[in-house]
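# Structure assessment
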Amino acid sequence: MMGERVIGDVILDLRNISLAFGGVKALTEISFDVREHEIRAIIGPNGAGKSSMLNVISGVYRPQQGEIVFHGEHFARMNSYKAAKAGIARTFQNIALFKGMSVLDNIMTGRTLMMKANLLQQAFWWGPARREELAHRAKVEEIIDFLEIQHIRKTPVGRLPYGLQKRVDLGRALAMEPRILLLDEPMAGMNVEEKQDMSRFILDVNDQMGTTIVLIEHDMGVVMDISDRVVVLDYGKKIGDGSPDAVRANPEVIQAYLGASH
Amino acid sequence: MAFFLETLIGGLMAGMLYSLVAIGFVLIFKASGVFNFAQGAMVLFAALAMARFSEWVPGWTGVSSPLFANSVAFVLAGIMMFVVAWLIERLVLRHLVNQEGATLLMATLGIAYLLEGIGQGIFGNDIYKIDVGMPKEPVFVLQNVFEGGILINKEDFIAALIAALLVGALTLFFQKTATGRALRAVADDHQAAQSIGIPLNRIWVIVWCVAGVTALVAGIIWGSKLGVQFSLATVAMRALPVVILGGLTSVPGAIVGGLIIGVGEKLSEVFLGPYVGGGIEIWFAYMLALVFLMFRPQGLFGEKIIDRV
């Protein structure tokens, strides 16, 4: 756990990313970087390419052009598995939890990559497999405490209200102990109270665990409050990049986003 | 009373055999969301392999002990099922990640025909027998309670026991191990499972292997009862109503569904049959499945699927 929050060097560098679906250009030559321990937001009006950007980083989409440098490693072709292995965790806009499983089991799945016991050992509940299971379980309980969801540990997630499901989704990503955490509209569809809770958790994760966070958000107020730096996209192009204040004062941004929709 | 009990027990044991095939469906559906039409073909393929290997092994090794031949044949057939699982993942499933359910269903239909053809190509298309030394003669039990006792088919009894053990082991595996959890996760959501680093390809090989082993056990038991021939592939069709009844996503459901259908078939045949001219056994299961589809489409134990609109 980190006490001091010091923004470090560039950890994730996106260079010249272009992505198209058939003739539709979702992203055009976008470059920006993310520094260690910071909270970096990607904003933009509907259809600006925010989600596409996140999906490129997490390996769901493969850009036609550009490269991703993560921790000094170059990825021309990222995929979901490679991303997870490299330490990139994500949450989903339309919650993609394992609905039939309990909260505890859902978060436990986040530990999959760290489990070393082989199938045979697991099948016979052999010493190493059992010890490993218990150790991971302890870590997962910490996360459950952190997110204040002890009371629903055993509940199947399908039965939980939306706000709590979002929290479990965050928990599963945290269980991976990621180096970088991608949040896809973490506050979409929440009421004010839930939004405040979620903001607090995001800040706490960043502050206490030192996790670097990249988030997409619609809610301008929240973004400006919690982010260190903001990238603004519009029609798949980058139109602004900088501190919240600088972005807010950028005339292009005001015209494209703030001016148009607020 | 004794006759009723006898019918009931006969039904329960027949039901266990349906469950054995139904579990294969459930396993694959849980882990990949695919309704695997090839399950029957896998049973046939496994039974063919078992029957022929046990025939060939004495010739290859010069050891004539049937126990040895059967054990070696079982291992070889198990390896064949592993190879089949691996090939299916490699050649078919890998290329169909995140596709519609209907696409995958059609793919398994293709796999079914391929397996039937290749199986009979390699192992021949005659009628073969599997003899793993299951006792054939029936026994009478509870002779001091009922006059004449209750007739029990020993072979069915042992088969039911094996099925029950297999199910117990599978349930524990799914609920208690990390791999079991990963399997359930993949079943729920492919994309989310990938994003947390669950290797989809490995999981699929594992689950098709497990389904292959279940098919092998079912193939041996059904094969030693009915003989190994092409019609074994249609045993799967008998298990279809079982999974509808029990729920496609539930291993215990496959058992309970199998038992209900086994008992229902036998009891209705014996007690209702005479009034309608018999033959109930043939359609009873499908009728029951139809009723379930109308009133409880998720089955007895299946997960209710609720989509956010």
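Residues numbered from 1 in each chain as written. Chains lettered and ligands numbered in written order. Predicted model: local features only at pLDDT ≥ 70, side-chain atom pairs only at ≥ 80, totals over all residues. Heavy atoms only, no water.

## What about the interface of chain B and chain A?
- With 22 residues of chain B at the interface, the matching set in chain A holds 28 residues.
- Between chain B and chain A, a total of about 2,100 Å² is buried, with carbon and sulfur atoms accounting for 63% of that surface.
- If you sort the residues of chain B by the area they bury against chain A, B:Arg181, B:Ser195 and B:Ile196 come out on top, with a joint share of 30%.
- Linking chain B with chain A are 2 salt bridges. (Contact = heavy atoms within 4.5 Å. Buried area = accessible area lost by both parts, 1.4 Å probe. Salt bridge = Lys/Arg side-chain N within 4 Å of Asp/Glu carboxyl O.)

## Here we look at the nonpolar core
- With 150 residues, the main nonpolar core has A:Ile107, A:Ile149, A:Leu181, A:Ile202 and A:Leu215 as its most contacted residues.
- In contact with A:Ile107, not counting residues within four places along its chain, are A:Val140, A:Ile143, A:Ile144, A:Ile149, A:Val168, A:Gly171, A:Arg172 and A:Ala175. (Core = buried A, V, L, I, M, F, W, Y, C linked by side-chain atoms within 4.5 Å. Buried < 20%, exposed > 50% of the residue type's maximum accessible area, 1.4 Å probe, protein only.)

## A closer look at the pattern of salt bridges
Residues and elements named next belong to chain A.
- Inspection of the entire model under this criterion finds 23 salt bridges over all chains.
- Ionic pairing is found between Asp-13 and Arg-15, a salt bridge with its closest N-O pair at 3.0 Å.
- Through salt bridges with shared partners, a single ionic network connects Asp-33, Glu-38, Arg-40, Arg-229, Lys-238 and Asp-241.

## Concerning the sheet that holds strand S10 (residues 237–242) of chain A
All names here are of chain A.
- Across the sheet, which stays open at both edges, the 6 strands sit in the order S6-S7-S8-S3-S9-S10 with mixed pairing between neighbours. Looking along the sheet, the strands with just one partner apiece sit at the ends: strand S6 (88–90) and S10. In this sheet, adjacent strand axes meet at a mean angle of 20 degrees when their direction is disregarded.
- Note that S6 and strand S7 (residues 180–184) share 3 bridges and pair parallel. (Pairing = 2+ DSSP bridges. Helix = DSSP H or I, 4+ residues; strand = E, 2+ residues; numbered from the N terminus. Axes fitted to C-alpha atoms, helices over the stretch in contact; angles between N-to-C directions.)

## With respect to the packing of aromatic side chains
- Taken as a whole, this structure holds 14 aromatic pairs over all chains when the rule is applied.
- For the ring pair A:Phe146 and A:Phe201, a centre distance of 6.3 Å and an interplane angle of 50 degrees mean the geometry is tilted. You can see A:Phe146 sitting in helix H5 (residues 127–146) and its partner A:Phe201 sitting in helix H7 (residues 192–209), a full 55 residues away along the chain. Grouping residues by exposure puts A:Phe146 and A:Phe201 together as buried.
- For the pair B:Phe53 and B:Trp60, a centre-to-centre distance of 6.1 Å together with 65 degrees between the ring planes defines the contact as edge-to-face.
- Aromatic rings pair up to connect B:Phe45, B:Phe53, B:Trp56, B:Trp60 and B:Phe123 into one cluster. (Phe/Tyr/Trp six-rings, centres within 6.5 Å; stacked < 30°, edge-to-face > 60°.)

## A few points about the pairing of strand S1 (residues 10–21) of chain A
Residue and element names in this part refer to chain A.
- For S1 and strand S2 (residues 24–35), the ladder comprises 8 bridges, and the chain directions are antiparallel. Looking across to S2, one finds that Leu-12 is bridged to Val-34.
- Hairpin connection, S1 to S2: the antiparallel pair is bridged by 2 residues, and Gly-22 has positive phi, about 60 degrees.
- As paired elements, S1 and strand S4 (residues 65–70) share 5 bridges and run antiparallel to each other.

## Focus: the environment of A:Thr155
All names here are of chain A.
- The topology assignment puts Thr-155 in the loop between H5 and helix H6 (162–175).
- Residues Thr-155 and Met-101, spaced 54 residues apart in sequence, show a C-alpha to C-alpha distance of 8.0 Å.
- With sequence-adjacent residues up to four places away left out, Thr-155 is seen in contact with Met-101, Ser-102, Val-103 and Leu-160.

## Details of the domain arrangement of chain A
All names here are of chain A.
- The assigned domain composition of chain A is domain 1 (1–87 + 178–262) and domain 2 (99–176).
- The C-alpha-based centres of domain 1 and domain 2 are spaced at 27 Å.
- Taken together, the contacts link 21 residues of domain 1 with 12 residues of domain 2.
- When domain 1 packs against domain 2, close to 1,400 Å² is buried across both sides, 73% of that on carbon and sulfur atoms.
- Sorting the residues of domain 1 by area buried against domain 2 places Pro-178, Phe-201 and Met-209 first, and these three jointly supply 33% of that buried surface.
- Where domain 1 packs against domain 2, one counts 2 salt bridges.
- A salt bridge links Arg-200 to Glu-148; its shortest N-O distance comes to 3.5 Å.
- Here domain 1 is connected to domain 2 by 2 residue pairs in polar contact (both at pLDDT 80 or more).
- When residues of the side of domain 1 that touches domain 2 are traced back to their parent elements, those giving at least two are helix H2 (80–86), S7 and H7.
- With 9 residues, H7 is the single largest residue contributor to the side of domain 1 that touches domain 2.
- Residues that form the side of domain 1 that touches domain 2 fall into these classes: 12 nonpolar, 2 polar and 7 charged. (Domains from an automatic or database assignment. Polar contact = N/O pair within 3.5 Å; in protein donor to acceptor, adjacent residues only side chain to side chain. Nonpolar A, V, L, I, M, F, W, Y, C, P; charged D, E, K, R; others polar.)

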